[in-house]
Amino acid sequence: MDYRCTSIYKKVKNNAYMVTVPGSKSITARALLLSALAEGQSSLTGAQFSDDCATMVECLRELGIPCETEGEKLFIDGCGGELPVKEARIDVGSAGTAARFLTTLLAFSDGVYTLDASEQMKARPMKPLLTCLEDAGVKIDYLEAEYSFPFVVHGTKDVADNLTVDVTKSSQYLSALLMCAPTLRKQVKINLTGNHGKGYVGMTVDMMWTYGVNVREYPKCYVVKPSKYIGKQYEVEPDVSAACYFFAANKILGTDIKVRGLMPHSMQSDAAFIELLKTFRGGEVNMSSFSDQALTLAAIAPYLEKPTKITGIGHIREQECDRIEAIVRNLTKLGIKIEETEDTVTVYPGLPKGCEIETFGDHRVAMAFAVLGLRCENVVIKDAEVCSKTFTEYFDVMDEMVREMTK
């Protein structure tokens, strides 16, 4: 499905508008895992039901964790850290978060588990996490390429209590180890190498505390004490990553679009992008800690006063697609001057010219460049259905917003 954007620049009649976005994918995924590991039942309100989160729910069910929906609530019966199913085959699809979290969960469980994934996920980096698990004593058999899906995990609780993981490519490796460490019933020290923004790790630690487990943070390591998660009622925040697209629209349209339920102080790292937009007119910005919005800033950068240099984003080359390449190719098609290095892009001010935007199977490419299309005629988003990964109704919400603001 292709989506033809509607330019509303200088056509807005109703400046203020309120949109509703799904619950946070990052919080939902963590809440699902913590609830699954907890003693007792948990209920999640506001959970996201996108492709990624639906995949994780289905995988948990395959592992013997009951997950049931009643109205707007999701109920999870926790296993107390002991998975009831000792042999299973699960498919994480293209869900990177589920891939890292569930691989670690199964590695620290007594059982033999086969994990498969989509071709897209097979190309995404898993080696730092898998190497860490192997060094800790977990046996992994690779069925195709080494350090890539599919593979068989021979889980064990008899693993080292002193782990080391390289977080350069993703902080999800660390989050996965932290959340699953309490199932080992002993103190676990996790040492870090490499550098990566820790915003999402902070979210992980905060949520672990909410479920009853305390983590001690040191400059280059984390220590998890022996403890248990306790089931609870948990309310998931609106997804700040999804909200960012509408705040970016405000930046280039001069509108006053708000997001329902968005709190002024969120635990989600992308809140830093909303704060940045308040005063940013171009210049240099390190986005390593909120890199999911590098695409969004690049898409609106042509409309800013000065050239925009985005740094600290080399790791986004190995996400759903090479996102730096996606930025460069699409902005070049739009007639915008852009320069790249291995971990930076510099976008120069200019007037984009309509074209077809290639999404490369990446939901964030589609959503970011749709924002640009609110101020540029004849922008078409190819394969727009990729948004279902995190925000199925994104273009429906966009269409309704356009209608209401221009009537």
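Residues numbered from 1 in each chain as written. Predicted model: local features only at pLDDT ≥ 70, side-chain atom pairs only at ≥ 80, totals over all residues. Heavy atoms only, no water.

So, the overall build of the protein chain
To be explicit about the condition: Only DSSP runs of H or I with at least four residues qualify as helices, and only runs of E with at least two residues qualify as strands; both kinds are numbered from the N terminus onward. The cut-offs for exposure are 20% and 50% of the maximum accessible area for each residue type, with area from a 1.4 Å probe on protein chains only; residues under the lower value are buried, those over the upper are exposed, and the others partly exposed. For this analysis, residues touch if any pair of their heavy atoms sits within 4.5 Å. A 1.4 Å probe and the Shrake-Rupley method give the accessible areas. Residues count as covered only by the protein chains that appear here.
For the protein chain, the helix and strand inventory stands at 13 helices and 21 strands. In terms of overall dimensions, the protein chain has a C-alpha envelope of 65 × 45 × 40 Å along the principal axes. Across the 407 residues in the protein chain, those meeting the buried criterion constitute 59%. Excluding contacts between residues fewer than 6 apart, the proportion of contacts in the protein chain whose partners are at least 24 apart in sequence is 73%. When the accessible surface of the protein chain is summed, it comes to about 15900 Å², and 48% of that surface belongs to carbon and sulfur atoms.

Digging into the pattern of salt bridges
Opposite charge on two side chains makes pairing possible when the charged atoms of those side chains draw close. Inclusion rule: Salt bridges are counted wherever a side-chain nitrogen of Lys or Arg sits within 4 Å of a carboxyl oxygen of Asp or Glu.
Applying the stated criterion to the full structure yields 28 salt bridges. Arg 317 is paired through a salt bridge with Glu 340; the nearest N and O atoms lie 2.8 Å apart. Taken together, the residues Arg 317 in the loop between strand E17 (308-311) and helix H11 (323-333) and Glu 340 in strand E18 (residues 338-340) connect sequence positions 23 residues apart. By relative accessible area, Glu 340 is classed as partly exposed at 42%. Lys 333 is the partner of Glu 358 in a salt bridge, and the nearest nitrogen-oxygen pair spans 4.0 Å. In this pair, Glu 358 sits in the loop between strand E20 (356-357) and helix H12 (363-372) while Lys 333 sits in helix H11, placing the two residues 25 residues apart along the sequence. The exposure class of Glu 358 is partly exposed, given its relative accessible area of 30%.

Considerations on helix H2 (residues 51-62)
For the record, the criterion: Here, expected helix span is obtained from the residue count minus one, scaled by 1.5 Å. Think of it as the arc spanned by the lines of direction from the helix axis to the C-beta atoms.
Its 12 residues place the ends of H2 17 Å apart at the C-alpha level, agreeing with the 16 Å of an ideal helix rising 1.5 Å per residue. Every buried residue belonging to H2 is among Asp 52, Cys 53, Met 56, Val 57, Cys 59 and Leu 60, and all of these are buried. Here the buried residues of H2 occupy an arc of 160° about the axis, which is enough to place them on one side. Check the buried side of H2 and you find it contacts helix H1 (25-37), strand E4 (67-70), strand E5 (73-77), strand E6 (87-91) and helix H3 (96-107). In the segment just after H2, Gly 64 is the residue with positive phi, at about 90°.

A word on the pairing of strand E16 (residues 283-286)
What counts is decided by this rule: By this definition, two strands are paired if DSSP reports at least two bridges between them. Assignment of crossover handedness uses the view with strands pointing away from the viewer, where a clockwise path from the first strand over the helix to the second indicates a right-handed crossover.
Pairing analysis gives four bridges linking E16 to E17, with the strands arranged parallel. Each residue of the ladder has a partner; that of Glu 284, found in E17, is Lys 309. Once the chain exits E16 it traverses helix H10 (residues 294-300) before rejoining the sheet at E17, and the crossover so formed is right-handed.

Description of the sheet that holds strand E19 (residues 345-347)
For clarity, the threshold we go by: The axes used here are C-alpha line fits, helices contributing only the stretch in contact, and every angle between their N-to-C directions lies in the interval 0 to 180 degrees.
Strand order across the open sheet formed by four strands is E16-E17-E19-E18, with mixed pairing between neighbours. One side of each edge strand has no neighbouring strand; the edge strands of this open sheet are E16 and E18. Mean inter-strand twist for the sheet, computed between neighbouring axes without regard to direction, equals 15°. Of the strands in this sheet, E18 and E19 touch H11, which is tilted by about 160° from E18.

As for the pairing of strand E12 (residues 215-218)
Where a strand is regular, its side chains alternate between the two sheet faces. Note: E12 against strand E13 (residues 221-224), four bridges, orientation antiparallel. Following the sheet pairing, Tyr 218 is matched in E13 by Cys 221. Turn length for the E12-E13 hairpin, with the two strands adjacent in sequence and antiparallel, is two residues.

What about the environment of Gly 71?
With respect to the helices and strands, the residue Gly 71 is situated in the loop between E4 and E5. Placed 26 residues apart in sequence, Gly 71 and Thr 45 show a C-alpha to C-alpha distance of 9.6 Å.

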